[in-house]
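Residue-level listing of the chains:
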Protein chains: 2
Amino acid sequence: MNVLFTFKVKAEQMENLTSRFPGVQFEYNNEIEEAQIDEFEVIVTYGGDISSAVLKKATSLKWLMVASAGVEKMPLSEIAERGIVISNVRGIHKTPMAESVIGHILSLARALPSLYEQQKRKEWNTRVRQTELRGSTAIILGPGAIGSEIGRLLQAFGVRTIGCNHSGRPAESMDETIQFDNLLERLPEADYVISILPSTAETKYLLDERYFMAMKPTATFMNFGRGDLVKESILIEALKNGEIGHAVLDVYEKEPLEAESELWNLSNVTISPHVSSHSGKYIERALEFFTENLEKWQNGNVELTNLVDPEKGY
Amino acid sequence: MNVLFTFKVKAEQMENLTSRFPGVQFEYNNEIEEAQIDEFEVIVTYGGDISSAVLKKATSLKWLMVASAGVEKMPLSEIAERGIVISNVRGIHKTPMAESVIGHILSLARALPSLYEQQKRKEWNTRVRQTELRGSTAIILGPGAIGSEIGRLLQAFGVRTIGCNHSGRPAESMDETIQFDNLLERLPEADYVISILPSTAETKYLLDERYFMAMKPTATFMNFGRGDLVKESILIEALKNGEIGHAVLDVYEKEPLEAESELWNLSNVTISPHVSSHSGKYIERALEFFTENLEKWQNGNVELTNLVDPEKGY
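These figures come from a predicted structure and were not determined experimentally.

**Some words on the side chain of Arg186(B)**
At step 1: With respect to the helices and strands, the residue Arg186(B) is situated in helix 7 (residues 183-186).
At step 2: In this structure, Arg186(B) is in contact with Ile139(B), Arg160(B), Ile162(B), Glu176(B) and Ile178(B), ignoring residues within four places of it in sequence.

**So, the packing of helix 4 (residues 94-109) of chain B against helix 6 (residues 145-156) of chain B**
All names here are of chain B.
At step 1: In the contact formed by helix 4 and helix 6, the axes pass within 9 Å of each other and the chain directions differ by 45 degrees. If you check the angle between helix 4 and helix 6, you find them oblique. For the element pair helix 4 and helix 6, the recorded crossing hand is right-handed. Contact with helix 4, carried on its side by Lys-94, Met-97, Ala-98, Val-101, Ile-102 and Ile-105, involves Ala-145, Ile-146, Glu-149, Ile-150, Leu-153 and Leu-154 of helix 6 and no other residues of that element.
At step 2: The class makeup of the residues in the contact of helix 4 with helix 6 is 10 nonpolar, no polar and two charged.

**Here we look at the sheet that holds strand 5 (residues 85-87) of chain B**
Residues and elements named next belong to chain B.
At step 1: Strand order in this open sheet of six strands is 2-1-3-4-5-13, and the pairing throughout is mixed. Both outer strands of the open sheet, strand 2 (25-28) and strand 13 (307-308), are each paired with one neighbouring strand and no more.
At step 2: Here four bridges tie strand 1 (residues 2-5) to strand 2, and the two strands are oriented parallel to one another. Paired with Val-3 across the bridge in strand 2 is Phe-26.
At step 3: Contacts from helix 10 (residues 282-298) reach strand 1, strand 2, strand 3 (42-45), strand 4 (63-66) and strand 5, with the element oriented near 160 degrees to strand 4.

**Points about the UniProt feature "domain: D-isomer specific 2-hydroxyacid dehydrogenase NAD-binding" (unreviewed entry) in chain A**
At step 1: Within this structure's numbering, the places UniProt gives as "domain: D-isomer specific 2-hydroxyacid dehydrogenase NAD-binding" (unreviewed entry) are residues 102-276 of chain A.
At step 2: Taken end to end, residues 102-276 of chain A is 27% helix and 17% strand, and its first and last C-alpha atoms sit 11 Å apart.

**A look at the nonpolar core**
At step 1: Judged by nonpolar contacts, the single largest core of 48 residues is most densely connected at Leu154(A), Phe157(A), Ile194(A), Leu154(B), Phe157(B) and Ile194(B).
At step 2: Secondary structure elements with two or more residues in this core: helix 4 (94-109), strand 6 (137-141), helix 6 (145-156) and strand 9 (192-195) of chain A together with helix 4, strand 6 (137-141), helix 6 and strand 9 (192-195) of chain B.
At step 3: Those residues within four positions of Phe157(A) in sequence are excluded, and the remaining contacts are Ile102(A), Leu106(A), Leu133(A), Arg134(A), Glu99(B), Ile102(B), Leu153(B) and Phe157(B).

**A word on the packing of aromatic side chains**
At step 1: Here the structure, examined in full by the defined rule, presents 22 aromatic pairs over all chains.
At step 2: Seen from their ring centres, Phe21(A) and Phe26(A) are 6.5 Å apart, and the 70 degrees between their planes marks the pair as edge-to-face.
At step 3: Centre to centre, the rings of Phe5(B) and Phe290(B) are 5.5 Å apart; their planes meet at 85 degrees, and the pair counts as edge-to-face. On the criterion of sequence distance, the pair formed by Phe5(B) in strand 1 and Phe290(B) in helix 10 is long-range, its members being 285 residues apart.
At step 4: By relative accessible area, Phe5(B) is classed as buried at 0%.
At step 5: Judged by relative accessible area, which is 0%, Phe290(B) ranks as buried.
At step 6: Among the aromatic residues, ring-to-ring pairing joins Phe5(A), Phe7(A), Phe21(A), Phe26(A), Tyr28(A), Tyr46(A), Trp63(A), Phe290(A) and Trp297(A) into one connected group.
At step 7: Lying across the ring of Tyr205(A), Lys231(A) places its NZ or CZ 4.4 Å from the centre.

**Looking at the packing of helix 4 of chain A against helix 4 of chain B**
At step 1: Two elements in contact, helix 4 of chain A and helix 4 of chain B, have axes separated by 8 Å at closest approach and are oriented at 125 degrees. As the angle between them shows, helix 4 of chain A and helix 4 of chain B are arranged oblique. Between helix 4 of chain A and helix 4 of chain B lies a crossing of left-handed hand. Along its contact with helix 4 of chain A, which presents Glu99(A), Ile102(A), Gly103(A) and Leu106(A), the element helix 4 of chain B presents Glu99(B), Ile102(B), Gly103(B) and Leu106(B).
At step 2: Taken together, the residues that form the contact of helix 4 of chain A with helix 4 of chain B break down as four nonpolar, two polar and two charged.

**Considerations on the sheet that holds strand 4 (residues 63-66) of chain A**
Residue and element names in this part refer to chain A.
At step 1: Across the sheet, six strands lie side by side as 2-1-3-4-5-13; this open sheet has mixed pairing. The sheet is open, and its two borders are formed by strand 2 (25-28) and strand 13 (307-308), each paired with just one other strand.
At step 2: As judged from the three bridges shared by strand 1 (residues 2-5) and strand 3 (residues 42-45), these two strands associate in the parallel manner. Opposite Val-3, over in strand 3, you have Val-42 as the bridge partner.

**Overview of the interface of chain A and chain B**
At step 1: Contact residues are listed per partner, giving 58 residues for chain A and 58 residues for chain B.
At step 2: Carbon and sulfur atoms supply 56% of the area that chain A and chain B bury against each other, a total of about 4900 Å² over both sides.
At step 3: Of all residues in chain A, Gln119(A), Trp124(A) and Glu132(A) give up the largest surface area on contact with chain B, accounting jointly for 16% of the area buried on that side.
At step 4: Our enumeration of links across chain A and chain B arrives at six salt bridges.
At step 5: The closest approach of N and O atoms between Glu132(B) and Arg285(A), which form a salt bridge, is 2.7 Å.

**A closer look at the relation of the copies chain A and chain B**
At step 1: Between chain A and chain B, which share one sequence, the superposing operator has a rotation angle of 180 degrees and an axial displacement of 0.0 Å; the RMSD is 0.1 Å. The superposition operator between the copies reduces to a two-fold rotation axis. Nearest to the rotation axis, the C-alpha of Gly103(A) is located 2.8 Å from it, this being the minimum over chain A.

**With respect to helix 10 of chain B**
Residues and elements named next belong to chain B.
At step 1: Taking 1.5 Å of rise per residue, the 17 residues of helix 10 would be expected to cover 24 Å, and the 24 Å separating its terminal C-alpha atoms lies within 8% of that figure.
At step 2: Regarding helix 10, the residues found buried are Arg-285, Ala-286, Leu-287, Phe-290, Thr-291, Asn-293, Leu-294 and Trp-297.
At step 3: Tucked inside the fold, the buried residues of helix 10 contact strand 1, helix 1 (11-20), strand 2, strand 3, strand 4 and strand 5.
At step 4: Phi turns positive, to about 80 degrees, at Gly-300, one or two residues after helix 10.

**Quick look at the domain arrangement of chain A**
At step 1: Considered domain by domain, chain A is made up of domain 1 (2-92 + 281-308) and domain 2 (94-271).
At step 2: For domain 1 of chain A versus domain 2 of chain A, the distance between C-alpha centres works out to 36 Å.

**Brief notes about the pattern of salt bridges**
At step 1: In the structure shown here, the tally under the stated rule is 32 salt bridges over all chains.
At step 2: Bridged by salt links that share partners, the residues Glu117(A), Lys120(A), Glu117(B) and Lys120(B) form one connected network.

**Some points on helix 5 (residues 112-120) of chain B**
At step 1: Within helix 5 of chain B the residues assigned to the buried category are Leu112(B), Leu115(B), Tyr116(B), Gln118(B) and Gln119(B). Looking straight down helix 5 of chain B, one finds its buried side chains confined to an arc of 165 degrees; they lie on one side.
At step 2: Looking at the buried positions of helix 5 of chain B, the neighbouring elements they touch are helix 4, helix 5 (112-120) and strand 12 (269-271) of chain A together with helix 4 of chain B.
At step 3: At the exit of helix 5 of chain B stands Lys122(B), carrying a positive phi of roughly 50 degrees.

**Describing unusual backbone geometry**
Most peptide bonds adopt trans geometry, and most residues besides glycine take a negative phi value.
At step 1: Each neighbour pair has its own omega, and for Glu255(A) with Pro256(A) the value is -5 degrees, a cis peptide bond.
At step 2: Inspection of the secondary structure puts Pro256(A) in the loop between strand 11 (246-249) and strand 12.
At step 3: The backbone of Lys122(B) sits at a positive phi, close to 50 degrees, despite the residue not being glycine.
At step 4: Note on Lys122(B): relative accessible area 35%, which makes it partly exposed.

Conventions used here
Residues numbered from 1 in each chain as written. Chains lettered and ligands numbered in written order. Predicted model: local features only at pLDDT ≥ 70, side-chain atom pairs only at ≥ 80, totals over all residues. Heavy atoms only, no water. Helix = DSSP H or I, 4+ residues; strand = E, 2+ residues; numbered from the N terminus. Contact = heavy atoms within 4.5 Å. Axes fitted to C-alpha atoms, helices over the stretch in contact; angles between N-to-C directions. Parallel < 35°, antiparallel > 145°, perpendicular 65-115°, else oblique. Left-handed = near helix turned anticlockwise from the far one by under 90°. Nonpolar A, V, L, I, M, F, W, Y, C, P; charged D, E, K, R; others polar. Pairing = 2+ DSSP bridges. UniProt positions renumbered as here; feature names shortened; annotations may be inferred. Core = buried A, V, L, I, M, F, W, Y, C linked by side-chain atoms within 4.5 Å. Buried < 20%, exposed > 50% of the residue type's maximum accessible area, 1.4 Å probe, protein only. Phe/Tyr/Trp six-rings, centres within 6.5 Å; stacked < 30°, edge-to-face > 60°. Lys NZ or Arg CZ within 6 Å of the ring centre and 35° of its normal. Buried area = accessible area lost by both parts, 1.4 Å probe. Salt bridge = Lys/Arg side-chain N within 4 Å of Asp/Glu carboxyl O. Least-squares fit on C-alpha atoms with pLDDT ≥ 70 in both. Expected span 1.5 Å × (residues − 1). Domains from an automatic or database assignment. Arc of directions from axis to C-beta.

If you want it as structure tokens, here you go:
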């Protein structure tokens, strides 16, 4: 069996693949046009290089392994017609994103920004305001793969987790799950309000003024989903008026965040430039998804993990 | 039954005690000398105010609840003679300390110090070097109550934990436990080397040059135990020579850390001024220890949690 990679992997990772799958011939070529495309049963790609023209030449292709979450730019109807199997790396962001969220929470609770500032001034000052995460309550907006990973870790720290989704159906690692309709009345309980919601008609500008007024004045609001969950002006007012204690933002209404935005200057805001999903281990993780599926494929099992339905696009 | 508190608790906490224990009369007086000491069966104290003179007057005293870890300054032989029960709050530091350790680890892995600096410059830069904690290996020197709590949380993040103690006896939340004698040969495996060791003859200056040379050049060394585990000069050399990647220090050979110390200036050091055990929730936690024991005491059960043997002093 021949497998083509159209993105770079490290020499060490190539060696691992070769030794783990002795019956498979791996080729690595970033330029898909340069490869003998008709030879490959499997193509491992970020997806952008799979055009109709490429598909036509890929006469042996049976499985497309896409090392990204979205496949919407690929010629899906042709893939469906040909019966080519597609799998992706859904969930690959959950580890770095959950680690970022917990990292920001602990950094603030344990006063790390103050410690960093003191160090620059060579100041030994033990009177820093620290608290504990244990015993607090978090509301997680969007308890899917990423939200549940955040919930799992928060529970390990002794935090009560309340998931919030459209249906109110129980979600993994949530002590309780509520509906969007009940969010406003439950917000006063939360020390942390964490969103990883995608942008949909239902979530766009979901959090209006009333929601921030309902939060604890000490609450930390964290947006790691999409920037249009809340109008920037509403968030700025809530922060300036002390309706909430702090905001940690990874996403914004407009990205990059404009230099004129007041958010940069507020002392109770942490600005993260949409990097919470980044990780030096991305390819390592993608290869884990791939090798697990390659094992199955070799054994004639086409029920791969993270299958994509080319007709639905997810 | 009468109970005297000799330190401040919040009005809300007083109310909780009163409503939870209707049969108990609580008095709060920071000046033990001013109280009618002979009335109290139970005294709740930080310990410093329990002198021989006080003990003589405390003719009804049967249980001393000490809201600190050490009892060495108290008149222990008189307490032992009188058969007074002592309990303390051993382990009260484990939550804030473990949260601090994990907070520092995640802050570095997810590049939070860089994000904070970029924010000050209003700089939107997504090319920050981030990694993941998952899949790494930690050696925990001193896997006792605090070390095991750190291990438990690390395991939740998918970290392999290796405890290291004198005997090599298995310790809680450690995938493996090794002896001090085997530490040197196992150090090359560790991404994190975390000490919460106390200062003893065996641990004093345990980590000499060879230990830092054995660590990965990317390893993070974290000292949250006692400063005399390593000579400051050896640590500085290891950091300057790139024998290790980073050090997070909460304790020092001499505290406060002197203004002249080179440690302040090294870019690969985080200076925490011995505050990792601090927490705004100290009294709340101490009251949890107390109320659990008061339940038992009311039921005639003198097998309290965290009993101290006055003859041994711990």
